[in-house]
Amino acid sequence: MSSVVVYKGMKIDIQASKKLSDQNLVNMSLKNKDYFLLLSTRYEAPLLRYIRRLSGLNHEDAQDVLQEVYIKTYLNLSSYNPKLKFSSWIYRITHNHTMSELRKRHSRPINYIDPQDLVFIKSNSDLLLETDNKLNLEEVKRAIYSLKDKYKEVLILRILEEKEYQEIADILKKPMGTVSTLLNRAFKKLNEIIIK
Amino acid sequence: MSSSKDAYKKIKEKHLEPKSKYSFILKNYLFWSLAILAIIIGALAIAIIIFFLYNQDWTLYFKYASFIQILYFSLPYLWFAILLILISLAYFNFRKTEFGYRYSLKKLILIYFASSIILGSLFYSLGFAQVLDRTFDQKLPFYTNLHQRCSWFWQNPQEGRLSGEIIEITNPNQFRLKDLKDKHWTIYDNKAMYRNRVNRKTGINIRIIGEIVNDNEFKAQEIKAFIHQDMPHNLFRNKKYPLNERNN
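Residues numbered from 1 in each chain as written. Chains lettered and ligands numbered in written order. Predicted model: local features only at pLDDT ≥ 70, side-chain atom pairs only at ≥ 80, totals over all residues. Heavy atoms only, no water.

Novice: I tried to follow the overall build of chain A on my own but got confused; where do I start?
Specialist: Looking only at helices and strands, chain A features eleven helices and two strands. Within chain A, buried positions represent 53% of all 196 residues. Across chain A, contacts joining residues at least 24 apart in sequence account for 62% of those joining residues at least 6 apart. (Helix = DSSP H or I, 4+ residues; strand = E, 2+ residues; numbered from the N terminus. Buried < 20%, exposed > 50% of the residue type's maximum accessible area, 1.4 Å probe, protein only. Contact = heavy atoms within 4.5 Å.)

Novice: Sorry if this is basic, but what is going on with the packing of aromatic side chains here?
Specialist: Two descriptors summarise a pair of aromatic rings, namely the distance from one centre to the other and the angle between the planes of the rings. Scanning the model with the defined rule gives 23 aromatic pairs over all chains in all. Measuring from centroid to centroid gives 5.4 Å for A:Tyr80 and A:Trp89, while their planes differ by 50°, and the two rings are tilted. Across the pair, A:Trp89 and A:Tyr80 agree in class, each one buried. Centre to centre, the rings of B:Phe99 and B:Tyr101 are 6.5 Å apart; their planes meet at 45°, and the pair counts as tilted. Neither B:Phe99 nor B:Tyr101 differs from the other in exposure class; each is buried. A connected cluster of aromatic rings, assembled from ring pairs, spans B:Trp58, B:Tyr61, B:Phe62, B:Tyr64, B:Phe153 and B:Trp154. A:Lys163 extends its terminal NZ or CZ atom over the ring of A:Tyr91, reaching a point 4.0 Å from the ring centre. Seen from the ring of B:Phe153, B:Arg161 lies directly overhead, with NZ or CZ sitting 4.0 Å from the centre. (Phe/Tyr/Trp six-rings, centres within 6.5 Å; stacked < 30°, edge-to-face > 60°. Lys NZ or Arg CZ within 6 Å of the ring centre and 35° of its normal.)

Novice: What's the story with the interface of chain A and chain B in this structure? I'm lost.
Specialist: Size of an interface: often given as the accessible area lost when the parts come together. On the chain B side, the residues contacting the 32 residues of chain A number 27 residues. Approximately 2,700 Å² of surface area, both sides summed, lies buried where chain A meets chain B, with 60% of it carried by carbon and sulfur atoms. Connecting chain A to chain B are three salt bridges. Its salt-bridge partner being B:Arg102, residue A:Asp170 comes within 3.1 Å of it at the nearest N-O pair. Breaking the side of chain A that touches chain B down by element, the ones donating at least two residues are β1 (4-7), α3 (34-55), α4 (59-75) and α10 (165-172) of chain A. Split by residue class, the side of chain A that touches chain B holds 15 nonpolar, nine polar and eight charged. (Buried area = accessible area lost by both parts, 1.4 Å probe. Salt bridge = Lys/Arg side-chain N within 4 Å of Asp/Glu carboxyl O. Nonpolar A, V, L, I, M, F, W, Y, C, P; charged D, E, K, R; others polar.)

Novice: Mind showing me how you'd approach the packing of α3(A) against α4(A) here?
Specialist: To describe two helices that pack against each other, one gives the angle between their axes and the distance between the axes. Residue and element names in this part refer to chain A. Viewed as axis vectors pointing N to C, α3 and α4 meet at an angle of 135°, and their least axial separation amounts to 10 Å. With respect to each other, α3 and α4 are oriented oblique. Crossing handedness for the pair α3 and α4: right-handed. Residues Phe36, Ser40, Tyr43, Glu44, Leu47, Leu48, Ile51 and Arg52 of α3 pack against His59, Ala62, Gln63, Val65, Leu66, Tyr70, Thr73 and Tyr74 of α4. For the contact of α3 with α4, a count of residues per class yields ten nonpolar, four polar and two charged. (Axes fitted to C-alpha atoms, helices over the stretch in contact; angles between N-to-C directions. Parallel < 35°, antiparallel > 145°, perpendicular 65-115°, else oblique. Left-handed = near helix turned anticlockwise from the far one by under 90°.)

Novice: Just to check I follow, could you spell out the packing of helix α9 (residues 149-160) of chain A against helix α11 (residues 176-195) of chain A for this structure?
Specialist: Residues and elements named next belong to chain A. At their nearest, the axes of α9 and α11 sit 9 Å apart, and the two run at 95° to each other. Taken together, the axis directions place α9 and α11 in an arrangement best described as roughly perpendicular. Counting all contacts with α9, which are made through Lys150, Tyr151, Val154, Leu155, Arg158 and Ile159, the residues of α11 involved are Leu182, Leu183, Arg185, Ala186, Phe187, Lys189 and Leu190. Considering only residue class, the contact of α9 with α11 consists of nine nonpolar, no polar and four charged.

Novice: How should I be thinking about the pattern of salt bridges in this particular structure?
Specialist: A side chain of one charge can pair with a side chain of the opposite charge if their charged atoms are brought near each other. Tallying each qualifying case throughout the model produces 15 salt bridges over all chains. For A:Asp22, the salt bridge goes to A:Arg42, with nearest N and O atoms at 2.6 Å. Of the two residues, A:Asp22 is situated in helix α2 (residues 22-31) and A:Arg42 in helix α3; the sequence distance between them amounts to 20 residues. When the shortest N-O distance is used, the salt bridge between B:Lys224 and B:Asp57 registers 2.5 Å. Of the two residues, B:Lys224 sits in strand β6 (residues 217-225) while B:Asp57 sits in the loop between α2 (21-54) and α3 (58-64), which places them 167 residues apart along the sequence. Per residue, the accessibility class of B:Lys224 equals that of B:Asp57, and both read buried.

Novice: Hey, could you run me through the nonpolar core in this one?
Specialist: In summary, soluble globular proteins display a tendency toward joint burial of nonpolar side chains. All names here are of chain A. Counting residues in hydrophobic clusters, the biggest one holds 57 residues, and the most contacted among them are Tyr70, Phe86 and Leu155. Ranked by the residues each element gives to this core, the list is headed by α3, at nine residues. Counting contributing residues per domain, this core is built from domain 1 (4-104) and domain 2 (115-195), each supplying no fewer than three. With near-sequence residues (within four places) excluded, Leu155 lies in contact with Ile144, Leu147, Leu160, Leu183, Ala186, Phe187 and Leu190. (Core = buried A, V, L, I, M, F, W, Y, C linked by side-chain atoms within 4.5 Å. Domains from an automatic or database assignment.)

Novice: Sorry if this is basic, but what is going on with the domain arrangement of chain A here?
Specialist: Residues and elements named next belong to chain A. Taken as a whole, chain A is organised into domain 1 (4-104) and domain 2 (115-195). With 13 residues of domain 1 at the interface, the matching set in domain 2 holds 17 residues. Of the roughly 1,300 Å² buried between domain 1 and domain 2, counting both surfaces, carbon and sulfur atoms make up 50%. When the buried area of domain 1 at its contact with domain 2 is split by residue, Arg53, Tyr91 and Arg92 rank highest and sum to 47% of it. Remark: the boundary between domain 1 and domain 2 carries two salt bridges. Glu161 is the salt-bridge partner of Arg53, the closest N and O atoms lying 2.7 Å from each other. Inspection of the domain 1/domain 2 interface yields six residue pairs in polar contact (both at pLDDT 80 or more). Element by element, the count of residues in the side of domain 1 that touches domain 2 is highest for helix α5 (residues 86-104), at six residues. (Polar contact = N/O pair within 3.5 Å; in protein donor to acceptor, adjacent residues only side chain to side chain.)

Novice: How do you make sense of the pairing of strand β5 (residues 205-214) of chain B when you look at a structure like this?
Specialist: Within a regular strand, the side chains alternate between the two sheet faces. Residues and elements named next belong to chain B. Sheet analysis places strand β1 (residues 161-171) next to β5, joined by five bridges and oriented antiparallel. Opposite Ser163, over in β5, you have Arg207 as the bridge partner. In this structure, β5 lies alongside β6, joined through eight bridges in antiparallel fashion. Looking at the pairing, Gly210 lines up with Ala220 of β6. Taking the residues between adjacent antiparallel strands as the criterion, β5 and β6 are bridged by two residues. (Pairing = 2+ DSSP bridges.)

Shown next as structure tokens:
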């Protein structure tokens, strides 16, 4: 499969762009907007998956949300501070925009976990359960989505997005201690639901 | 088409450009400035709270007044309320700074109090609290200054407590005093003990312990300045609160 994307005559080598750091691409995008395409392409799959996990929107709607996220990211690109991981920054924008989109649509997040998520859950099952019960992935999936948003958000970021505590804190703009407490409570509640 | 290409297309078509980085820097500085301002004003509030607490006669209060009276009359609730509002403002503004979210509420309140208390003690020792209390009293009609706040205790000649301003030194044995309700008294002070290096001259505010002779005469046993003078807040000392010994 070719790694070259052609758009309006501009040839973009995705493989070659992988060698550039996010910070480099941000700096280059500020001078030439074409480079922003490379940066956004890099995050296309994970962010689309994150939007769907967070909101349960269908693929097309999630794509629309992501497109708005990219425009917002581009407009605010000069506010990016390299002290923060770029991925945390763009995840934060995505998180906030998705949640505000859900509020606009007056809809609550719908249960959504793609088959790949079950693999993630399985690989993180030691994080999830301290019981001897055999892990039923479907139950775990249902349990995660039955939790309050504040618990569900941290669990999605920790288990499915495999983010570190500091990254979760930066994405949700919460102190690390709060994230840690939320995660502990979320795991506890998840265990309670599954044991029931 | 993918979202990134759609977004790129829109950015190109609408000629969108990133917002200036200075607008973000300015916004960040604005939140920092507001947070620091809230700390400085909070420090002034703390200076006034120290001023109020330090200049109360706690020993006498606990001897003659009930706990409810002490609680109700002697604590500067307005300043506590102002301090609470300022803590919220400082917290809100600091959280809005770029990495402010990394600090917990507990940590921020601790930092706020530590910096406000240090700065507030400095302001108090420089005399800012006294000046502010007097200025607010003159400018704000609803404001209760230290003297008025103490009146519940010190405006009680029947029980041997009186306070007010010396308006005339009649002779070495007596002077005229205007109390907190503007009533004029003749004070006999020939046997009185002067405390706090109080200056016996017109214009100063004093507290007197003694006994009532008749409706407008009072025999003083002990006379103290209204403001404790043993703190080094000399910077804004004026004629109203001198440090000299009795000079008459």
